[in-house]
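# Chains, contacts and geometry: an overview
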Amino acid sequence: QVQLVESGGGLVQPGGSLRLSCVASGFAFSRAAMSWYRQAPGKERELVAGITSAGGITNYGDSVKGRFTVSRDNAKNTVYLQMNSLKPEDTAVYYCKAVQQILLHLYAYWGQGTQVTVSS
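Residues numbered from 1 in each chain as written. Predicted model: local features only at pLDDT ≥ 70, side-chain atom pairs only at ≥ 80, totals over all residues. Heavy atoms only, no water.

## Some points on the sheet that holds strand β7 (residues 68-73)
Read across the sheet, four strands follow the order β1-β3-β8-β7 without closing on themselves; strand pairing throughout is antiparallel. The strands lining the two open edges of the sheet, one partner per strand, are β1 (3-7) and β7. In this sheet, neighbouring strand axes are inclined to one another by 15 degrees on average, regardless of whether the strands run parallel or antiparallel. (Pairing = 2+ DSSP bridges. Helix = DSSP H or I, 4+ residues; strand = E, 2+ residues; numbered from the N terminus. Axes fitted to C-alpha atoms, helices over the stretch in contact; angles between N-to-C directions.)

## What about unusual backbone geometry?
Phi is positive for asparagine 77, close to 50 degrees, though the residue is something other than glycine. With respect to the secondary-structure elements, asparagine 77 resides in the loop between β7 and β8 (78-83). With relative accessibility at 26%, the residue asparagine 77 sits in the partly exposed group. (Buried < 20%, exposed > 50% of the residue type's maximum accessible area, 1.4 Å probe, protein only.)

## Things to note about the environment of glycine 10
Note that glycine 10 resides in strand β2 (residues 10-12). Looking at glycine 10, the relative accessible area reads 24%, which means it is partly exposed. Along the chain, glycine 10 and threonine 117 lie 107 residues apart, while their C-alpha atoms are 6.1 Å from each other. When sequence neighbours within four positions are dropped, the list of residues in contact with glycine 10 reads Leu18, Gln115, Val116 and Thr117. (Contact = heavy atoms within 4.5 Å.)

Written as structure tokens, this is what we have:
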């Protein structure tokens, strides 16, 4: 079955860095667009970063531009989110999402999330 397993979250001080990983299985990862979302308590889930299937195009939420970098390794079925210069407002549960097109249908899959806490 489809699985997306995030890891790499934790507690970090403001200004620090973390790298999140999301390992995928059960679908054609190399043909899926991947993205990272986050959800803070009491707030809606928001897009953090996205990357196309071949990795040629990326996009970022305004609040993370210049600080976060999304990348993928199709040989390892893994997408990464490098987070630098972290701020307390980056505290949230971070989710990995895959979108795969099969014929005329789009299928979306979500991971279970990993907690990132930025605090001194």
